[in-house]
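Listed here are the chains, written in short residue letters.
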Amino acid sequence: FLKTNNPGESEIKKFIETVNASDVEVFCLMDYWTFDWYMAVKKYVATNPILNKTIFSGMELRIECAVDYRLNIHVLLSDELTEQQLKDFKSALKIRIGTTLKSVSDEALLTFAKSLDASKARSHGYADPNTLTDPQCIQLGSRTAEVTRDSLTDAFKTIPVDSGYILLPYDTSDGLLNLDWSRHPHDDN
């Protein structure tokens, strides 16, 4: 599912029907930079208990790393975490905008995008950020920003031990397959 800031009831119902019809028992809702879909589904299910599968919250993002490509990571979190714990986790994640660190938010992603020059934006398929609408800048920021490693560690300190995991895919777009582990052993670990 692509990120929808405010998934409607019909989208949520269709999602639940699809999940319930599957022979898979456990799912993870993986959004870029947010837990919006997961929280919307959880809120809907609280008053409409029609979900008969387990769904974990997740977030896909990129992390600062000493490689010459973007390194995607997937955060998988327990379904027992509260909405506040998810908010605390997200707010602990920081992106670097110049010399400043900002908590992950639409505003921070917009600000980051506007800090890019036209050539950097163009290399990602966008016009000069000064000519883009705010939603376009947020989209550009979400495709280019990276969280700091320290903030990812700090985010995990906001939730109980063993209630979250980091998945670093190898053989996917922006995964670890192309990482030169002999030059970057720490990143590979």
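Residues numbered from 1 in each chain as written. Predicted model: local features only at pLDDT ≥ 70, side-chain atom pairs only at ≥ 80, totals over all residues. Heavy atoms only, no water.

Undergrad: Can you help me understand the overall build of the protein chain in this one?
TA: For the protein chain, the helix and strand inventory stands at 8 helices and 6 strands. Expressed as a percentage of contacts within the protein chain between residues at least 6 apart in sequence, the contacts between residues at least 24 apart total 66%. Per element, the accessible surface of the protein chain, about 10,800 Å² overall, is 51% carbon and sulfur. (Helix = DSSP H or I, 4+ residues; strand = E, 2+ residues; numbered from the N terminus. Contact = heavy atoms within 4.5 Å. Areas by Shrake-Rupley, 256 points an atom, 1.4 Å probe, with all protein chains shown as cover.)

Undergrad: Got a minute to help me understand the packing of helix α1 (residues 9-21) against helix α2 (residues 36-47) in this structure?
TA: Packed helices, taken two at a time, are described by the angle between their axes plus the distance between the axes. At a minimum axis separation of 10 Å, α1 and α2 run at an interaxial angle of 85°. Classified by the angle between their axes, α1 and α2 sit roughly perpendicular to one another. Within the contact between the two elements, α1 uses E9, E11, I12, K13, F15 and I16 and α2 uses W37, A40, V41, Y44 and V45. Partitioned by chemical class, the residues of the contact of α1 with α2 number 8 nonpolar, no polar and 3 charged. (Axes fitted to C-alpha atoms, helices over the stretch in contact; angles between N-to-C directions. Parallel < 35°, antiparallel > 145°, perpendicular 65-115°, else oblique. Nonpolar A, V, L, I, M, F, W, Y, C, P; charged D, E, K, R; others polar.)

Undergrad: Could you clarify how one ought to interpret unusual backbone geometry in this entry?
TA: Leaving glycine aside, a negative phi is the common case for residues, and trans is the common case for peptide bonds. With a phi close to 65°, W33 is a non-glycine residue in the positive phi region. At D162, a residue that is not glycine, the phi angle is positive and equals roughly 65°. In this structure, D162 sits in the loop between α7 (149-156) and β6 (164-167). Looking at D162, the relative accessible area reads 63%, which means it is exposed. (Buried < 20%, exposed > 50% of the residue type's maximum accessible area, 1.4 Å probe, protein only.)

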